[in-house]
Amino acid sequence: MNTVKVRNIVIGEGMPKICVPVFGKTKDEILNAATALKDVDFDIVEWRVDWYDYGTDFAKVNDVLNELSKVLGDTPLLFTFRTADEGGEKNINKDTYLKLNIDIISTGLIDMVDVELFSGDDIVKEIIAKAHANNVVVVASNHDFDKTPDKDEIISRLIKMQKLGADIPKIAVMPTCKKDVITLLAATEEMTTSHGDTPIITMSMGGTGLISRLCGEAFGSAVTFGAVGKVSAPGQMKASDLGDILRMIHKAI
């Protein structure tokens, strides 16, 4: 598998990297949440800008980013506007979504950007092209909060993300039973083994899918998400506990 280096973090090598979401409705809430991370074990910060009251206002988002980057220092920053269609906090039209991501990439203040696969191929390609021209790593994503697609469909979506040029394909699905978790893990293993052109991120959400957030090193998921305070998705556990468990698994493999 090829790896992706973001600052001093190598994604796709060794233990899964821990990404901690930061979110808030106001600038102060966001910066306070980031400041509270100083004693937490993690590798990447994801700013969920869709939580921000002014998340579609470039000037205000840029202002927060300037301050946030100072607080985070050398920690890689992933910029994510999660749309309401995929579990996010806000509706946003496609033109605004495209312009916001393109403009933010141009600031030089982010290391990684999330683009949703089902935004449309043209939008995904344009964001990826802009990101790569600015040395920004692209996480292409898809979130299904209703079900777990079958194994072949999961793999198909991840491969499509690769073909569109994503550096790291990501899929999160909701299990309706324990077998769904096995489906997600089987898809992860097959994708990594047979189509491992890039690192991938996969997870089964909710309590039933919690195991998928812990066993990435064994099955092939390169990043996992842990919470500090409020969770941003069903099934997230505390980042501190997550780190302890990942290290235990790493030693045993």
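See the structure printed just above.
Treat the numbers as computed from the prediction; the structure is a model and nothing was measured. (Residues numbered from 1 in each chain as written. Predicted model: local features only at pLDDT ≥ 70, side-chain atom pairs only at ≥ 80, totals over all residues. Heavy atoms only, no water.)

A look at the overall build of the chain
A tally of helices and strands in the chain yields eight helices and 11 strands. Computed over its C-alpha atoms, the radius of gyration of the chain comes to 17 Å, within 12% of the 18 Å expected for a compact globule of 253 residues. Viewed in the frame of its principal axes, the chain has a C-alpha envelope of about 45 × 40 × 30 Å. At a minimum sequence separation of 6, the contacts of the chain that also span at least 24 residues come to 73%. For the chain, the exposed area adds up to about 11,000 Å²; of that, 49% sits on carbon and sulfur atoms. (Helix = DSSP H or I, 4+ residues; strand = E, 2+ residues; numbered from the N terminus. Rg over C-alpha atoms; globule rule 2.2 N^0.38 Å. Contact = heavy atoms within 4.5 Å. Areas by Shrake-Rupley, 256 points an atom, 1.4 Å probe, with all protein chains shown as cover.)

Structural notes on the nonpolar core
Nonpolar side chains tend toward joint burial in soluble globular proteins. Grouped together as the largest cluster of nonpolar side chains are 61 residues, with contacts concentrated most on W47, L65, F79, I110, V113 and I127. Apart from the residues lying within four places of it in its own chain, the contact partners of L65 are W47, L77, F79, I104, L109 and I110. Of all hydrophobic cores here, the second largest spans 19 residues; its members include I44, V137, I201 and M205. (Core = buried A, V, L, I, M, F, W, Y, C linked by side-chain atoms within 4.5 Å. Buried < 20%, exposed > 50% of the residue type's maximum accessible area, 1.4 Å probe, protein only.)

Digging into the pattern of salt bridges
In this structure the tally under the stated criterion is 14 salt bridges. Ionic pairing is found between R247 and D41, a salt bridge with its closest N-O pair at 2.5 Å. Of this pair, R247 sits in helix 8 (residues 239-252) while D41 sits in the loop between helix 1 (27-35) and strand 4 (44-48), placing them 206 residues apart in sequence. Using a relative accessible area of 32% as the deciding quantity, one classes R247 as partly exposed. Judged by its relative accessible area of 33%, D41 falls in the partly exposed class. Across the pair K160 and D121 runs a salt bridge whose closest N-O atoms are separated by 3.2 Å. Of the two residues, K160 is situated in helix 5 (residues 151-164) and D121 in helix 4 (residues 121-133); the sequence distance between them amounts to 39 residues. Overall, D121 belongs to the partly exposed group, its relative accessible area being 30%. Ionic contacts of the salt-bridge type, sharing partners, join the residues R7, D74 and D111 into one network. (Salt bridge = Lys/Arg side-chain N within 4 Å of Asp/Glu carboxyl O.)

Comments concerning the sheet that holds strand 10 (residues 223-227)
By definition, the strands of a sheet pair up through backbone hydrogen bonds, in either a parallel or an antiparallel sense. An order of 9-8-7-6-5-4-3-10-11 is seen for the nine strands of this open sheet, with the pairing classed as parallel. Of all the strands in the sheet, the pair left with one neighbour each is strand 9 (201-204) and strand 11 (237-238). Taken together, the two bridges between strand 10 and strand 11 define a ladder with parallel strand orientation. By the bridge assignment, G226 is partnered in strand 11 with M237. Running at roughly 150° to strand 8 (residues 168-173), helix 5 makes contact with strand 7 (137-144), strand 8 and strand 9 of the sheet. (Pairing = 2+ DSSP bridges. Axes fitted to C-alpha atoms, helices over the stretch in contact; angles between N-to-C directions.)

Topic: the environment of E153
By the secondary structure assignment, E153 is in helix 5. Between the C-alpha atom of E153 and that of D111, which follows or precedes it by 42 residues, the distance is 29 Å.

A few points about the pairing of strand 9
One face of the sheet, then the other: side chains in a regular strand alternate in exactly this way. Of the two faces of strand 9, both are covered, the one formed by I201 and M203 as well as the one formed by T202 and S204. As paired elements, strand 8 and strand 9 share four bridges and run parallel to each other. Along strand 9, the bridge assignment pairs A172 with M203. At this point the chain moves from strand 8, through helix 6 (residues 178-194), to the parallel strand 9, and the crossover so formed is right-handed. (Right-handed = clockwise from strand over helix to strand, strands pointing away.)

Thoughts on the packing of helix 1 against helix 2 (residues 58-72)
Any two packed helices are characterised by how steeply their axes cross, that is the angle between the axes, and by the distance between the axes. The interhelical angle for the contact between helix 1 and helix 2, taken along N-to-C directions, is 15°, at an axis separation of 10 Å. One finds that helix 1 runs roughly parallel with respect to helix 2. The interaxial crossing formed by helix 1 with helix 2 has right-handed handedness. Facing helix 1, whose interface residues are K27, I30, L31, A34 and T35, helix 2 presents D63, V64, E67, L68, V71 and L72. Classifying every residue of the contact of helix 1 with helix 2 by side-chain character gives seven nonpolar, one polar and three charged. (Parallel < 35°, antiparallel > 145°, perpendicular 65-115°, else oblique. Left-handed = near helix turned anticlockwise from the far one by under 90°. Nonpolar A, V, L, I, M, F, W, Y, C, P; charged D, E, K, R; others polar.)

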